[in-house]
Amino acid sequence: MTMKTKLYHHLQSTTTKNPQWNTLLREAANKSLFTKALSLYLHMLRSGAFPNAFTFPFAIKSCAALSLPITGKQLHCHIVKSGCLLEPFVQTSLVSMYGKCSLIDNARQVFDENPQSRKLTVCYNSLLSGYALKSRVKDVVVLFCEMRGLGVEINGVTMLGLVQPCGIPGNLGLGMCVHGFCVKFGLDMDSSVGNCLLTMYVKSGEIDCGRKLFNEMPRKGLITWNAMINGYAQNGLANNVLELYKEMESKGVCPDPLTLVGVLSSCAHLGALSAGKEVERKMEICGFSSNPFLKNALINMYARCGNLEKARDIFDGMPVKSVVSWTAIIGGYGMHGLGEVAVQLFDEMIRGGIRPDGTAFVSVLSACSHAGLTNKGLDYFGVMERKYGLRPGAEHYSCMVDLLGRAGRLNEARELIESMQVRADGALWGALLGACKIHRNVELAELAFERINQDCAIKKPQALRWKLSLMKVTEIDFLRH
DNA sequence: CTAGGGTTAG
């Protein structure tokens, strides 16, 4: 008989069961052993003990962490029957669980059913973070205003809920306004809030504002460095990433897997193989070698730097391959013109039960286009929506225009553009112009160029680049435009 | 209630 079973028998034989069960449950949940916590809860019920207000929060928290909304709803019923619903801890954990499981309307309902909710900061915060997760900026702002109106205390966690959903590209105004609130409440120097503000700026594409804040932050923790490094990485500023990483090392701050992910992806973009290999060594030294995020980043780095064999070795060695791992290796073969291999891998992925996402389709479509597998690409494009319910985005249309364009099927490319429901982006016009250049189609190039000029959303430097690209096609005088 | 991550055509 194992220790654990002995313990269960002991607990089942005691008359005062709840305290012991609750202690076990709490310890499991606090150690992030959520599956264990839930099985303890079930054992508890079977043993005839009654869960109480010290039991439910930890069981509910486990449902939230494991994203088990159905189990969560069952627990909700148990809570109602037990009469614990009005306990603040229980109430808050329920709101939080529904929020994390993306059942924000259920969260709202629990919140509204109990008038006590509107007195509690933590309860408001739970609901706020639920709305934040769904990027419901408006609801977040309304709730925040309500808290202020009712005089409910506003703390750092409240601010996190308010700041998080403001990280949307081109949303500088609201972001700065929210930053202002943080300052007003004296919470901008709170390290979590500061890091969250930094992330908000970089996610909005306001990388300079982010850097300014970063420089001003008095205490830079690992998360601060990571937010800035990954912010540069996500905005394509790979050189800044390497520079900042060097600075971080020189300050004696030890990287963690999140740091190295950003650095590796920048090495990949720069084709900086030796820097990438150095990161790989660092991974080994720090014991991060089996981190799946880092392995995916490594596959991408080796593939982009031209070492497909090494990329393939890492891919083959992964015990669990996610759709991201597959996308990275497929993209790797695609960018080196090995479209046949890419297509085979894509089909193998599907046979293996991995559902492709929009990004996986981008990588296979572009592989088809590079290898001249035009009809295969057209098939995938059709299957994408019909079989997988994925609406093609601008990036997929760009691939298709590239695919058709390279094959000289410019009229079909033009028809596709005219039929599409999403707004054309720069990549699409770039692909079309590229095709016009190859096939010397001046008429269509000029049409594309006209559309670029009409599209006010397109930034000026880009328009100028395309203008120059068009000149090469038509060999017309720059001054005529 | 609680801040940061991998894949994406041109």
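Treat the numbers as computed from the prediction; the structure is a model and nothing was measured.

Calculation rules
- Residues numbered from 1 in each chain as written.
- Chains lettered and ligands numbered in written order.
- Predicted model: local features only at pLDDT ≥ 70, side-chain atom pairs only at ≥ 80, totals over all residues.
- Heavy atoms only, no water.
- Helix = DSSP H or I, 4+ residues; strand = E, 2+ residues; numbered from the N terminus.
- Contact = heavy atoms within 4.5 Å.
- Areas by Shrake-Rupley, 256 points an atom, 1.4 Å probe, with all protein chains shown as cover.
- Lys, Arg positive; Asp, Glu negative; His and termini not counted.
- Charge placed at Lys NZ, Arg CZ, Asp CG, Glu CD.
- Near = heavy atom within 4 Å.
- Polar contact = N/O pair within 3.5 Å; in protein donor to acceptor, adjacent residues only side chain to side chain.
- Nonpolar A, V, L, I, M, F, W, Y, C, P; charged D, E, K, R; others polar.
- Core = buried A, V, L, I, M, F, W, Y, C linked by side-chain atoms within 4.5 Å.
- Buried < 20%, exposed > 50% of the residue type's maximum accessible area, 1.4 Å probe, protein only.
- Domains from an automatic or database assignment.
- Expected span 1.5 Å × (residues − 1).
- Salt bridge = Lys/Arg side-chain N within 4 Å of Asp/Glu carboxyl O.

S.K.: What's the story with the overall build of chain A in this structure? I'm lost.
M.R.: Along the backbone of chain A there are 28 helices and zero strands. Dimensions of chain A, computed from the C-alpha atoms along their principal axes, are close to 90 × 55 × 50 Å. Within chain A, contacts between residues at least 6 apart in sequence are counted, and of these 57% link residues at least 24 apart. Accessible area for chain A stands at about 24,400 Å²; split by element, carbon and sulfur atoms hold 55% of it. Averaging the locations of the 53 positively and 41 negatively charged side chains of chain A gives two centres separated by 7 Å.

S.K.: Sorry, what's going on with the protein's contact with DNA strand B here?
M.R.: Taken together, 44 residues are adjacent to DNA strand B, and Asn 125, Asn 226, Asn 296, Arg 304 and Glu 395 come closest. Close to the protein, within 4 Å, the atoms of DNA strand B belong to sugar or phosphate groups at a rate of 50%. Contact distances for DNA strand B include 3.2 Å between a base nitrogen and a side-chain N or O atom of Asn 291. Here Asp 402 contributes a side-chain N or O atom positioned 2.8 Å from a phosphate oxygen of DNA strand B. Grouping the constituent residues of the surface near DNA strand B by class yields 14 nonpolar, 23 polar and seven charged.

S.K.: Honestly, the side chain of Thr 158 in this entry has me stumped. Any pointers?
M.R.: Mapped onto the secondary structure, Thr 158 falls in helix α10 (residues 156–163). One polar contact links Thr 158 to Asn 125, side chain to side chain, over a distance of 2.8 Å. Look past the residues within four positions of Thr 158 in its chain and what remains in contact with it is Thr 121, Asn 125, Leu 128, Phe 144, Met 147 and Glu 153.

S.K.: How should I be thinking about the nonpolar core in this particular structure?
M.R.: The biggest cluster of nonpolar side chains holds 140 residues, and the ones touching the most others in it are Met 159 and Leu 432. Each of domain 1 (1–113) and domain 2 (392–481) contributes no fewer than three residues to this core. If we skip the residues at most four places from it in the chain, Leu 432 touches Val 401, Leu 410, Ala 413, Ile 417, Leu 444 and Ala 448.

S.K.: How should unusual backbone geometry be read in this particular structure?
M.R.: One can expect most non-glycine residues to show negative phi and most peptide bonds to be in trans. Phi is positive for Ser 102, close to 65°, though the residue is something other than glycine. Its location among the elements puts Ser 102 in the loop between α6 (88–100) and α7 (104–113). Among the residues examined, Ser 102 registers a relative accessible area of 36% and is labelled partly exposed. Despite not being glycine, Arg 440 has its phi angle at roughly 50°, a positive value. On the basis of relative accessibility, which here comes to 58%, the residue Arg 440 falls in the exposed class.

S.K.: Quick question: what am I supposed to make of helix α16 (residues 257–270) here?
M.R.: Because each turn of an α-helix spans 3.6 residues, side chains separated by three or four positions in sequence point in the same direction. The terminal C-alpha atoms of α16, which comprises 14 residues, lie 20 Å apart, in line with the 20 Å expected from a rise of 1.5 Å per residue. Regarding α16, the residues found buried are Pro 257, Thr 259, Leu 260, Gly 262, Val 263, Leu 264, Ser 266, Cys 267 and Ala 268. Following α16 by one or two positions, Gly 271 adopts a phi angle in the positive range, close to 70°.

S.K.: Explanation requested: the pattern of salt bridges in the structure shown.
M.R.: Oppositely charged side chains may form a pair once their charged atoms are brought near each other. Evaluated as defined, the whole model comprises 13 salt bridges. Asp 112 is the partner of Arg 108 in a salt bridge, and the nearest nitrogen-oxygen pair spans 3.3 Å. Of this pair, Arg 108 and Asp 112 both sit in helix α7, four residues apart, which is roughly one turn of that helix. The class of Arg 108 is partly exposed, set by a relative accessible area of 22%. Classification of Asp 112 as partly exposed rests on a relative accessible area of 40%. Here Arg 118 and Glu 146 are joined by a salt bridge, their closest N and O atoms 2.9 Å apart. In this pair, Arg 118 sits in the loop between α7 and α8 (121–133) while Glu 146 sits in helix α9 (residues 137–150), placing the two residues 28 residues apart along the sequence. Arg 118 gets classed as partly exposed once you look at its relative accessible area, which sits at 28%. The exposure class of Glu 146 is partly exposed, given its relative accessible area of 23%. Counted as one network, the salt bridges with shared partners bring together Arg 108, Asp 112, Arg 118 and Glu 146.

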